[in-house]
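# Fold and geometry: a report
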Amino acid sequence: MATNTLKMGIATPSVNVLITSFYHSILGETMKVEQISIFIENKSGRLAEVTQALGDSGINIRALSLADTSDFGILRLIVDKTDQAKQSLKERGFTVNKTEVVAVEVPDCPAGLAGILKVLDAGNVNVEYMYAFVERCGGNAVIIFRFDDPEAAIKVLTENNIHVLEGERVYGM
Amino acid sequence: MCWKESGSTACNPSLKTIMIQNENKTTNIWDRDNECMSRDGLETLQLERLQQTLKRVNEHVPCYQNKFSALGLSVADVQSLEDLRKLPFTTKEDLRLNYPYGMFAVPMRDVVRIHSSSGTTGKPTVVGYTRNDLKIWTQLAARFMTAAGVTPDDIVHIAFGYGLFTGAFGLHYGAEEIGASVIPISSGNTDKQIMIMQDYQSSALVCTPSYAMTLADRMEKQGIDPHRLSLKVGLFGGEPWSEEMRREIEQRLGIIATDNYGLSEVMGPGVAGECQHQCGMHIFEDHFIAEIIDPETGEVLPRGSIGELVLTSITKEAFPIIRYRTRDITRLDYEPCACGRTHVRMMKTMGRSDDMLIIKGVNVFPTQIEEVLFQVEGCEPHYQLVVERDGTMDTLEVQVEVNERIFFDEMKKQRAFVNMLEKRLLSILGVGARVKLVEPSSITRHEGKAKRVIDKRNS
Ligand SMILES: [Zn+2]
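## Some points on the interface of chain A and chain B
At the junction of the two partners, chain A supplies 24 residues and chain B supplies 19 residues. Here chain A and chain B share an interface that buries about 1800 Å² over both sides, 52% of which is from carbon and sulfur atoms. When residues of chain A are sorted by the area they lose upon contact with chain B, Phe39(A), Asp71(A) and Thr95(A) head the list and together hold 30% of the total. Inspection of the region where chain A meets chain B yields six salt bridges.

## Some remarks on the nonpolar core
Residues and elements named next belong to chain B. If you look at the biggest cluster of nonpolar residues, it comprises 68 residues, and the most contacted ones within it are Met145, Val150, Val156, Leu235, Tyr261, Ile283 and Leu309. Top contributing element to this core by residue count: helix H6 (residues 131-148), with nine residues. Dropping the residues within four chain positions of it, Val156 is found in contact with Met145, Val150, Ala175, Ala180, Ser181, Val182, Ile183, Ala204 and Val206.

## Considering the environment of Pro209(B)
Residue and element names in this part refer to chain B. Within the secondary structure, Pro209 sits in helix H9 (residues 209-222). A sequence separation of 48 residues divides Pro209 from Ala257, and the C-alpha atoms of the two residues are 8.8 Å apart. The residues contacting Pro209, other than those within four sequence positions of it, are Phe236, Gly237, Glu239, Trp241, Met245 and Ile249.

## Looking at the coordination of the zinc ion
Residue and element names in this part refer to chain B. Here the zinc ion is held by the protein donor atoms Cys275 (SG), His282 (NE2), Cys337 (SG) and Cys339 (SG), which lie 2.1 to 2.3 Å from it. Around the zinc ion sit four donor atoms, and with donor-metal-donor angles ranging over 101 to 114° the site reads as tetrahedral. In primary sequence terms, the donor set of the zinc ion follows C-x6-H-x54-C-x1-C. Placement of Cys275 in the loop between strand E8 (268-274) and strand E9 (281-283) and of Cys337 in the loop between strand E12 (324-333) and strand E13 (345-346) is noted, with a sequence separation of 62 residues between them. Side by side, Cys275 and Cys337 carry an identical accessibility label, which is buried.

Quick notes on the rules
Residues numbered from 1 in each chain as written. Chains lettered and ligands numbered in written order. Predicted model: local features only at pLDDT ≥ 70, side-chain atom pairs only at ≥ 80, totals over all residues. Heavy atoms only, no water. Contact = heavy atoms within 4.5 Å. Buried area = accessible area lost by both parts, 1.4 Å probe. Salt bridge = Lys/Arg side-chain N within 4 Å of Asp/Glu carboxyl O. Core = buried A, V, L, I, M, F, W, Y, C linked by side-chain atoms within 4.5 Å. Buried < 20%, exposed > 50% of the residue type's maximum accessible area, 1.4 Å probe, protein only. Helix = DSSP H or I, 4+ residues; strand = E, 2+ residues; numbered from the N terminus. Donors = N, O, S within 2.8 Å, 3.2 Å for Na, K, Ca; no water. Tetrahedral: all angles 85-135°; square planar, octahedral: opposite > 155°, others 65-115°.

Shown next, in the form of structure tokens:
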């Protein structure tokens, strides 16, 4: 909170709080990235069917992660057209949910990720899961984070000068 | 050959109801003398009526004559209610073999009404009523409708189909007997039902629980708020339904939803009905004797056990029935009820004995599993049970089609959900089940209905 107030250079505290929270809600919205998750039974060909369905609808996959058990898997995707992808998969009988994640730029240096996790830990933000983005951003790696509280996470990260990528930028990468 | 209703028939029913209401606003008892009779008095009455019934069927129904003589039984052997268990069962098959009038105990000239129930296979079963049978039926319907809260001030909307089924007529005459105003709208045409409900100010709704949901859905679609209608109570029957469904109907329609039980082979609606305490349906024991048996062995089970309900009618003239296997699974509760009625309470039916599975020696009903799934999903579940034998061990797998409500993007949550389901199933069934989540529409359906059980043990 203190960092932001200083940056914005506003004197009266009451207006400060107002503007800061306004700033955060705008920030939260554009900073979050939409992800779709798909339930997949563990049988051959299902993953191919998902990618085929998306390909047929002209949708590009930006990032992907699969968590699985012996019975089923949860496939998470970031695509360029989220709603269209969700629709097209539902039409083919898949169970699809939409969730919000955060894309974070990670310095390509030793302990780059460790530094970010430390910041999050200090800010009491829980990471549910994370996975790497295929593309890089200006030489840096990009990691997708699923947080229990994305707003709080974005706040902690930005306050610590860690670069969070905007949704629009991620879809177009 | 006439069983007079003691107490209620003589006096003016509406006056009587008003009197009772003034006495005790929450009691709603139609026939206090009979419904609150001491257990001793009730059992004496039951034995007397049972013996008379047995004598009559032995004289007039060849099917019973043959059954009794095949077992070397004489009617005189029944000297106590305990002796009832010596008697043979009557099954749906017996009724089919004696189609149409073979089970009638009076000549057709004494029969004033005929109803029938459809069979899933083969011929329907035909039942008949004498004038006195109809009188008793009307009284019993008035009993459970009064218990549900129907008064002479009510406008009773009967959306059961009028026809060969017993549902509509049973409640129709019961409501008239109470002195309520009856709208015999019958089934179908949901939009018209809603219009009439609004315009005629229906206050009591009679239909199947699933039709009550259909009405709620349609009202929602039309932007009609059910809470602004005059509806206050629902009397639902004709199909099994869960406590969850009751709460949902009550919330959505803004009414008290009550349960009643009956089957045409035994009489129709009015065999049992719920009081305002909603703790099971009082079986009208001055007219029917209830037993709970093990559906496998036919043995009478100790009090409080879950098993198949067996009913014997003890006042019916045209179509008496001895130890009829209802195929309905339930439990009887003999504890005194807060309402003051002394008659035993049967719990909501938990399924059909035909659907029962025996897994590791434990009786399991698909409806028990359905109820657990309904609780966690909050909507009608799509599931299938797969039973296998691994060596000498039975295994039960419950396949559940995933949907957006029970799908999480986090593996931790998804696995916690599966574990929670397995725990609940274990506590309800008393036997462990493995839960497997499957993709939507992957369970094969026949004509829209999923095959619930795949038993691979005997193949
Ligand atoms: Zn009661």
